[in-house]
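Architecture at a glance
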Amino acid sequence: MSALLEVEDLTVTFRTAHGPVDVVDGLSFTLERGASLGIVGESGSGKSMTSLAVMGLLPPTASLRGRVSLDGAELTALPESKVRRLRGDRMAMIFQDPLSSLNPYYSVGMQIEEAYRAHRAGVTRRQARKVAVEAMERVHIADAARRVDHYPHQFSGGMRQRVMIAMALSTEPDLLIADEPTTALDVTVQAQILDLLQEVRRETGTALVLISHDLAVVSEIAEDVVVMRHGLAVEQAPAERLFSDPRHPYTRALLDAVPRIDDEIGELRAIDSIDVVGGKA
Amino acid sequence: MVRFLVTRLAGMVGVLFLVVLFTYAIFFALSPDPAVQICGKNCTPELIDQIRTNLGLDRPFYEQFLGFLSGLFVGTTYGTGANAIDCAAPCLGYSFQTGQPVLEMFEQRFGVSATLAVGAAVLWLFMGVAGGMLAAIKKGTWFDRAATGAALGGVSIPNYVLALVLQYVLVVKLGWLPFPQAVPFGADPGQWFLNFVMPWLVLAFTYASMYQRLTRANVLDTLDENFVRTARAKGLAPRLVWRRHALRPALTPVVTLFGMDFAGLLGGAIIIETVFGLNGVGKMASDSITKNDQPVIMGVTLVAAFLVIVGNVIVDIVYTTIDPRVRIGARA
């Protein structure tokens, strides 16, 4: 049986005034059912574009080469209407800023129902509402039956991200992509959201791609890690090995740049781009 | 919701009071003496004094202002005895030049202005909003460029120029349309339409251009919103993404603008009515300014302000049904 997600030689190119720019350059990785993969890198390393490419949500100015397959179906070869049927159903995505990612004009319940009904023909509003309440309960939103009618601005940041997760999970997808899901949240809430992602992964068997610039976040959840820089995967390894024995100088530099609590107080280490030259792992 | 309404209406009354006060104060300070105007040619200083006393113009500002205010609610009588002039509530003042209460003059002309405003609004909403949406969907295509170019023309060409050009071409040269007159709808619907179509077009063109630009920009901004990306990530059909998630936020600012523009127009389209010789509130205002008929100018100012304020309150109420953040915010 093939892996759940296979990305092969993925290249995303943007047309710019200075000619084409590859923001993702020949990236390959696979993800088994129920597994978890972390993609780390600095801003602009191409990690978000990778996730949008998988979802088929690249902006119109971007073009894509290579192959992305979900459960054997080659997404990059399917027409948009077919990909749309998988999007939100077999694969779902949550984003960095949960406030701007939810539509302020509609109740959270309506937005979850909408995600569910888009992929379940003939479902009544009442059934969809029940699914929405259950999805909200699953992500531990207290008093979900009442909160379902509330609007995004009536929720705190962490609760909004829970709503986003509930929305993504309402269709029980095989793959959940979380693009910087905790970056816009404060630290205590970050930990809660990460715990929640772990928990839903355990309980639903959803495979998870976690995208973050934060190594600590990735180390907590991911089984495998891809380190990206300038659109290239510089190192790919099981998380344990990568953190204990980073092979690529850039990965080492990234790890060194993380301030440690047992360090002497001194200057924070920055990544020197001259020392570390990116290359394919 | 009730509390929201009460607060808004109370605010409206407050603003209206201030508008009346300032308007009255400005006209009290600036306008020529009405007594002199009434007095006519064979005037003597004694006669002027007598008229002043009769009309209460010799009283201090606050007394006159209170008199005007009470006239709004219970009506008022100018002068005494056989020459007394009654002005029933709500008395907006009395034009001694035309010998009519201002409100009566207003009522006679309001229909023309309202017809002009409603017809133009229908046209410009359709052209502006639909054109703006289409231009946004087809961004970068020939349609977008043509519509954006036309809109630029619309905001750049003064409407009196357009009015005169259209009149020359459609009426004088081609003879397709009659020279506009305010024909009542009941008298002859066909003629009514033909007479109003040119003023509608000219008035609508300027507004449509502004609305087209606003709508296009708003739709493009909204399509870039993260929540539109979320809607796409859910796998919603493009039609639904568009209708449910892009359109509503994009058109909310248009509602605000429309409320004020439309209310403002009900108070008279001075230029269009003057150019086309339509006897509406705007023409009345411009005539009164030429003839320095102070009570009429003040009456028009007050009614126009009143309409704009009421229009704003209506927009606020409509907003509460469009945007939940406003609704809940008011309740909290």
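Rules and cut-offs
- Residues numbered from 1 in each chain as written.
- Chains lettered and ligands numbered in written order.
- Predicted model: local features only at pLDDT ≥ 70, side-chain atom pairs only at ≥ 80, totals over all residues.
- Heavy atoms only, no water.
- UniProt positions renumbered as here; feature names shortened; annotations may be inferred.
- Buried < 20%, exposed > 50% of the residue type's maximum accessible area, 1.4 Å probe, protein only.
- Helix = DSSP H or I, 4+ residues; strand = E, 2+ residues; numbered from the N terminus.
- Contact = heavy atoms within 4.5 Å.
- pLDDT = per-residue confidence, 0-100.
- Salt bridge = Lys/Arg side-chain N within 4 Å of Asp/Glu carboxyl O.
- Domains from an automatic or database assignment.
- Buried area = accessible area lost by both parts, 1.4 Å probe.
- Polar contact = N/O pair within 3.5 Å; in protein donor to acceptor, adjacent residues only side chain to side chain.
- Nonpolar A, V, L, I, M, F, W, Y, C, P; charged D, E, K, R; others polar.

Under an unreviewed UniProt entry, the name given to chain B is Peptide/nickel transport system permease protein, and the source organism is Krasilnikoviella flava. Turning to chain B, the UniProt annotation filed under Sequence similarities (unreviewed entry) states: "Belongs to the binding-protein-dependent transport system permease family." Chain B has a UniProt comment under Subcellular location (unreviewed entry) that states "Cell membrane".

As named in an unreviewed UniProt entry, chain A is Peptide/nickel transport system ATP-binding protein, taken from Krasilnikoviella flava. As its UniProt record puts it under Sequence similarities (unreviewed entry), chain A is described as follows: "Belongs to the ABC transporter superfamily."

Let's shift gears to helix 9 (residues 226–233) of chain B. Every buried residue belonging to helix 9 of chain B is among B:Phe227, B:Val228, B:Thr230, B:Ala231 and B:Ala233, and all of these are buried. In this structure, the buried side of helix 9 of chain B is in contact with helix 1 (47–55), helix 3 (98–101) and helix 7 (157–169) of chain A together with helix 8 (189–223) and helix 10 (238–266) of chain B. B:Gly235, located one to two residues past helix 9 of chain B, shows a positive phi value of around 85 degrees.

Predicted confidence across chain B gives a mean pLDDT of 86, with 98% of residues reaching 70 or more. Averaged over each element, pLDDT in chain B is lowest for helix 14 (residues 324–331) of chain B (63) and highest for helix 9 of chain B (94).

Here the focus is the pattern of salt bridges. Residue and element names in this part refer to chain A. Summed over the entire model, instances satisfying the criterion amount to 24 salt bridges over all chains. Between Arg229 and Glu42 there is a salt bridge, with its nearest N and O atoms 3.8 Å apart. Residue Arg229 is found in strand 9 (residues 224–229), and its partner Glu42 is found in the loop between strand 3 (36–40) and helix 1; the two are separated by 187 residues along the sequence. A residue is classified by how much of its surface remains accessible, and Glu42, at 34% relative accessible area, is partly exposed. The partner of Glu134 in a salt bridge is Lys130, with the nearest N and O atoms 3.6 Å apart. Here Glu134 and its partner Lys130 are both found in helix 5 (residues 125–138), four residues apart, which amounts to about one turn of the helix. Note on Glu134: relative accessible area 38%, which makes it partly exposed. Take Lys130: its relative accessible area is 55%, and that puts it in the exposed class. A single salt-bridge network, built from bridges that share partners, covers Arg33, Asp71, Asp89, Arg90, Arg120 and Asp174.

What follows is about the domain arrangement of chain A. All names here are of chain A. Partitioning chain A into domains gives domain 1 (1–90 + 175–189 + 205–281) and domain 2 (99–172). Using only C-alpha atoms to locate each centre, domain 1 and domain 2 end up separated by 27 Å. Contacts between the two partners involve eleven residues from domain 1 and, on the opposite side, nine residues from domain 2. Roughly 700 Å² of surface becomes buried between domain 1 and domain 2 when both sides are summed, with 52% attributable to carbon and sulfur atoms. When residues of domain 1 are sorted by the area they lose upon contact with domain 2, Asp89, Leu176 and Leu185 head the list and together hold 50% of the total. In this assembly, domain 1 and domain 2 are joined by one salt bridge. When the shortest N-O distance is used, the salt bridge between Arg120 and Asp89 registers 3.1 Å.

This brings us to the domain arrangement of chain B. All names here are of chain B. Looking at the assigned domains, one finds that chain B contains domain 1 (32–91) and domain 2 (103–331). Measuring from the centre of the C-alpha atoms in domain 1 to the corresponding centre in domain 2 gives 40 Å. Counting residues at the interface gives five residues for domain 1, matched by six residues for domain 2. Carbon and sulfur atoms make up 63% of the surface buried where domain 1 meets domain 2, a total of about 390 Å² over both sides. At the boundary of domain 1 and domain 2, one finds zero salt bridges. If you look at where domain 1 meets domain 2, you find zero residue pairs in polar contact (both at pLDDT 80 or more). Each residue belonging to the side of domain 1 that touches domain 2 can be placed in one class, and the counts come to four nonpolar, one polar and no charged.

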